Amino acid sequence: MNQENTVPKNIPEEVERFNIIFRIQHIIMFTTFLLLSFTGWGLKYAEVDVSSWWIRIWGGAEVAGLIHRIAGIGMLIDFAWHVLYLIYLFSTGKLKVRARTTLIPIWKDVEDVVQNFAYFLGLTRNKPRFCKFNYAQKFDYWAVFWGMFIIGSSGFALAFPILISYIVPEFTTGWIWQAISIMHSDEALLAIVFILFWHFYNEHLKPEVFPMSWVWITGKISTEELKHKHPLEYEILFPEDKPGKEGASDAK
Amino acid sequence: MKKTSTSISIMFALALLLAFCTTVQASSSSCLVCHNSMSGKIALESGQEIDLKVDGEKYQASVHGFMACTECHIRFGEDPHKSPAGTVPENIDELSKKIGHKARVDAVAYSACVNCHEGIYDMVLESPHGENIVSKNEMDAALCLDCHGSPHYIVTAENEGSRVNQWSIVETCGHCHGDKELTEKYNIETNVLTSYIESFHGKKHHLGHKGAPTCVNCHGAHDIKRKDDPSSPVFEANKKATCGKCHKGATDKFVAAITHKPVGPIPHYMEIGLILLTLSTFAFIISHVILEAFSDIRDALSKKKEARK
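Residues numbered from 1 in each chain as written. Chains lettered and ligands numbered in written order. Predicted model: local features only at pLDDT ≥ 70, side-chain atom pairs only at ≥ 80, totals over all residues. Heavy atoms only, no water.

S.K.: Explain the overall build of chain A here, please?
M.R.: Of the regular secondary structure elements, chain A holds 10 helices and 2 strands. Counting only C-alpha atoms, chain A reaches 70 × 45 × 35 Å along its principal axes. The 252 residues of chain A split such that 44% are buried. A total accessible area of about 14300 Å² is found for chain A, and carbon and sulfur atoms account for 69% of it. Distance from the positive charge centre (23 side chains) to the negative charge centre (25 side chains) of chain A: 6 Å. (Helix = DSSP H or I, 4+ residues; strand = E, 2+ residues; numbered from the N terminus. Buried < 20%, exposed > 50% of the residue type's maximum accessible area, 1.4 Å probe, protein only. Areas by Shrake-Rupley, 256 points an atom, 1.4 Å probe, with all protein chains shown as cover. Lys, Arg positive; Asp, Glu negative; His and termini not counted. Charge placed at Lys NZ, Arg CZ, Asp CG, Glu CD.)

Written out as structure tokens, the structure reads:
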């Protein structure tokens, strides 16, 4: 979208939003996610005729199963890497929890949802002013965590059922396996639907980002976009550009 | 059409031609000279209609293609005009009386399987399938031909044309075990076929996974037993060994995973919970995306209007 230039000249054109490690983690995450979705979908709806054809494309049921397992392990390792990396960043003080930059959901996110819906419906003329991560991005991020706990753990149990059977409590054996299968399959459907509608719309199909937001590959966000989409973060990064101050750009 | 008299149409010309052209090698050839080219059905005294045609080519391609017709159709001698008059061995005669009600055409021929397949025939007779035939005199319990199809065209189980082939056996077993009337009549589980199809095993099998088990891999075939029979491979105490054939090191808590049992209340309500979660997430996402898209359009239009002013 052609926005007029509102960022003062003394402010850099772009800033790093995701470092190389986060970008690699994201690439592994979506690659394995796609592989898991493609192969898992065929198994979930095996009785549909087109599934047999689909699975043949993936090299047959044996190969598709192998791809699914390898991708699943890859995703779990990626997730573990991410969590360990976060622990490292926080413990060394390289990352600090601050209200305007954190991914942790805060009360402001709830207010933002309400205000955004009010804006959509024309009840207010003011869009919510977002922090570094808006509620849509936090939703995206924590959905992966939820998916990892539900689908990742159940997937691990389904891939290594005998190993898991040693830690399954005796009284649950009558229903736990059915529960694990349901968890894996139903939540996978939720994850796919979520990614397809939420993530794809917000990061690909939205007119202002179409065909996609390039931040996943460059890691950089223009200060112009930052000011527009994440004003509260922009303000703490560049306190010199404040509305009302000399040289402020919102005037026009 | 349904006259008691026979309606046979014989293609005489072809039959004669065949008779003169082919050198008769085995007695089956001489029967087939006529039966290969016959069509139509003949009604027996019992009212049952039987097919007169035996497809010679298919027969000779079958596993029994090397055999002479009279090896099984013992009562029919070399001279068709004097048949049936052959002497039947005692053991076969006895067996034919036990299973005679299962045979549509020739009870002696149906019993003659035992000549070569004695061990297997005995297994079947001792199984619940055979028990229902012999002691309960049932017609609809499975015997050889119910699973293997016409005796004239039996091919090896590895052949994809076989009804007991890996890729057709589920349908073959399901023919009875998925039949509402039969499962109710014999008071056996009604959901075994559907629960298999919905299971991981069934899904993988449907997708062509060669390692995915079918009915017979767990339950056995000719020697099938009731699940509460201690000699059944799916008897509680034997499950570990049976599942362990594929799942090395299977434990008691693991084998509980493989069952035809319907979904219990805990997973059922959990599933409902997950479906509600999915629906509510979906409702939020869809309404958010649609409203946002409309507000974007609205903003773009009002911007245009302002620009024009």
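S.K.: When you look at the packing of aromatic side chains in this model, what are you seeing that I'm missing?
M.R.: Aromatic rings in a pair are described by how distant their centres are and how their planes are angled relative to each other. Applying the stated criterion to the full structure yields 26 aromatic pairs over all chains. When the ring of Phe139 of chain A is compared with that of Phe284 of chain B, the centres are 5.8 Å apart and the planes differ by 70 degrees; the resulting orientation is edge-to-face. Here Phe139 of chain A, found in helix α5 (residues 135-159), pairs with Phe284 of chain B, found in helix α17 (residues 265-308), and the two come from separate chains. By relative accessible area, Phe139 of chain A is classed as partly exposed at 28%. On the accessibility criterion, Phe284 of chain B (23% relative accessible area) is partly exposed. Each residue in the set Phe117, Phe120, Phe139, Phe194 and Trp198 of chain A together with Phe284 of chain B is aromatic and connected to the rest through ring pairs, giving one cluster. One residue, Lys58 of chain B, lies across the ring of Tyr153 of chain B, its end atom 4.4 Å from the ring centre. It is Arg298 of chain B that lies over the ring of Tyr119 of chain A; its NZ or CZ is 5.2 Å from the centre. (Phe/Tyr/Trp six-rings, centres within 6.5 Å; stacked < 30°, edge-to-face > 60°. Lys NZ or Arg CZ within 6 Å of the ring centre and 35° of its normal.)

S.K.: Looking at this structure, I do not really get the packing of α5 of chain A against helix α7 (residues 176-205) of chain A. What am I missing?
M.R.: Between two packed helices, both the angle of their axes relative to each other and the distance between the axes serve to describe the pair. Residues and elements named next belong to chain A. At their nearest, the axes of α5 and α7 sit 9 Å apart, and the two run at 155 degrees to each other. In terms of orientation, α5 and α7 fall into the roughly antiparallel class. Crossing angle aside, the handedness with which α5 passes α7 is left-handed. Tallied by class, residues from the contact of α5 with α7 come to 16 nonpolar, 8 polar and 3 charged. (Axes fitted to C-alpha atoms, helices over the stretch in contact; angles between N-to-C directions. Parallel < 35°, antiparallel > 145°, perpendicular 65-115°, else oblique. Left-handed = near helix turned anticlockwise from the far one by under 90°. Nonpolar A, V, L, I, M, F, W, Y, C, P; charged D, E, K, R; others polar.)

S.K.: How should I be thinking about the domain arrangement of chain B in this particular structure?
M.R.: Much of the literature gives interface size as the accessible area that the parts lose upon coming together. Domain annotation for chain B reports domain 1 (38-154) and domain 2 (265-295). Just the C-alpha atoms count here: the centres of domain 1 of chain B and domain 2 of chain B sit 60 Å apart. (Domains from an automatic or database assignment.)

S.K.: What is the right way to read the interface of chain A and chain B from this model?
M.R.: Counting from both sides, the interface comprises 50 residues of chain A and, opposite them, 45 residues of chain B. For the chain A and chain B pair, buried surface summed over both sides reaches about 4200 Å², with 70% attributable to carbon and sulfur atoms. Applying the counting criterion to the chain A and chain B interface returns 1 salt bridge. For Glu292 of chain B, the salt bridge identified is with Lys206 of chain A, shortest N-O distance 3.1 Å. At the junction of chain A and chain B, the tally comes to 12 residue pairs in polar contact (both at pLDDT 80 or more). Counting residues per element, the ones that place at least two in the side of chain A that touches chain B are α1 (20-44), α2 (49-57), α3 (60-91), α4 (107-120), α5, α6 (161-165) and α7 of chain A. Counting residues per element, the side of chain A that touches chain B draws most heavily on α7 of chain A, which supplies 15 residues. (Contact = heavy atoms within 4.5 Å. Buried area = accessible area lost by both parts, 1.4 Å probe. Salt bridge = Lys/Arg side-chain N within 4 Å of Asp/Glu carboxyl O. Polar contact = N/O pair within 3.5 Å; in protein donor to acceptor, adjacent residues only side chain to side chain.)

S.K.: I tried to follow the side chain of Thr251 of chain B on my own but got confused; where do I start?
M.R.: Residue placement: Thr251 of chain B occurs in the loop between α15 (239-244) and α16 (252-255). A relative accessible area of 12% places Thr251 of chain B in the buried class.

S.K.: Whenever I open this one, a nonpolar patch on the surface confuses me. Can you help?
M.R.: Residue and element names in this part refer to chain A. Taken together, the side chains of Ile73, Ile77, Phe156, Phe160 and Leu163 define a hydrophobic patch exposed on the protein surface, amounting to about 440 Å² of accessible area. Relative to the helices and strands, Leu163 resides in helix α6. Owing to a relative accessible area of 53%, Leu163 belongs among the exposed residues under this scheme. (Patch = residues over 30% accessible without salt bridge, like charges linked within 9 Å, V, L, I, M, F, W, Y side chains within 5 Å.)

S.K.: What is the right way to read unusual backbone geometry from this model?
M.R.: Most peptide bonds adopt trans geometry, and most residues besides glycine take a negative phi value. Note the cis peptide between Phe210 of chain A and Pro211 of chain A, where omega equals 0 degrees. With respect to the helices, strands and loops of the structure, Pro211 of chain A is situated in the loop between α7 and α8 (215-218). Positive phi, normally seen in glycine, also occurs at Asn137 of chain B, with a value near 60 degrees. Its place among the elements puts Asn137 of chain B in the loop between α8 (128-134) and α9 (144-148).

S.K.: Looking at this structure, how should I read the pattern of salt bridges?
M.R.: Side-chain pairing between opposite charges can occur once the charged atoms of the two side chains come close. Residue and element names in this part refer to chain A. Tallying each qualifying case throughout the model produces 22 salt bridges over all chains. Note that Glu235 and Arg100 form a salt bridge whose closest N and O atoms lie 3.6 Å from each other. Here Glu235, found in helix α10 (residues 231-237), pairs with Arg100, found in the loop between α3 and α4; they are 135 residues apart in sequence, far enough to count as distant. Classification of Glu235 by relative accessible area gives buried; the value is 14%. Among the residues examined, Arg100 registers a relative accessible area of 30% and is labelled partly exposed. Note that Glu235 and Arg129 form a salt bridge whose closest N and O atoms lie 2.5 Å from each other.

S.K.: Explanation requested: the state of the cysteines in the structure shown.
M.R.: Here is the idea: a disulfide is a covalent bond, and it sits between the sulfur atoms of two cysteines. Residues and elements named next belong to chain B. Tallied over the full model, the rule gives 0 disulfides over all chains. Distance from the sulfur of Cys147, which forms no disulfide, to the nearest cysteine sulfur (Cys173) is 6.3 Å. No disulfide involves Cys246; its sulfur sits 7.4 Å from the nearest other cysteine sulfur, which is in Cys218. (Disulfide = S-S within 2.5 Å.)

S.K.: Sorry if this is basic, but what is going on with α4 of chain A here?
M.R.: For the α-helix, the turn length of 3.6 residues means that residues three or four positions removed from each other point alike. An ideal rise of 1.5 Å per residue puts 20 Å on 14 residues; α4 of chain A measures up with 20 Å between its terminal C-alpha atoms. The inward-facing, buried residues of α4 of chain A abut α5 of chain A together with α17 of chain B. Just downstream of α4 of chain A, Gly122 of chain A is the residue with a positive phi angle, here 80 degrees. (Expected span 1.5 Å × (residues − 1).)

S.K.: Explanation requested: the side chain of Asn165 of chain B in the structure shown.
M.R.: Residue and element names in this part refer to chain B. Following the sequence through the fold, Asn165 ends up in the loop between α9 and α10 (169-177). For Asn165, a relative accessible area of 3% gives the class buried. In this structure the side chain of Asn165 is engaged in a polar contact, spanning 3.3 Å, whose partner is the backbone oxygen of Glu158.

S.K.: In this structure, what is going on with a positive patch on the surface? I would like to understand it.
M.R.: Where like charges cluster on the molecular surface, the positive patch consists of Lys304, Lys305, Arg308 and Lys309 of chain B. Counting through the fold element by element, Lys304 of chain B comes out in helix α17.

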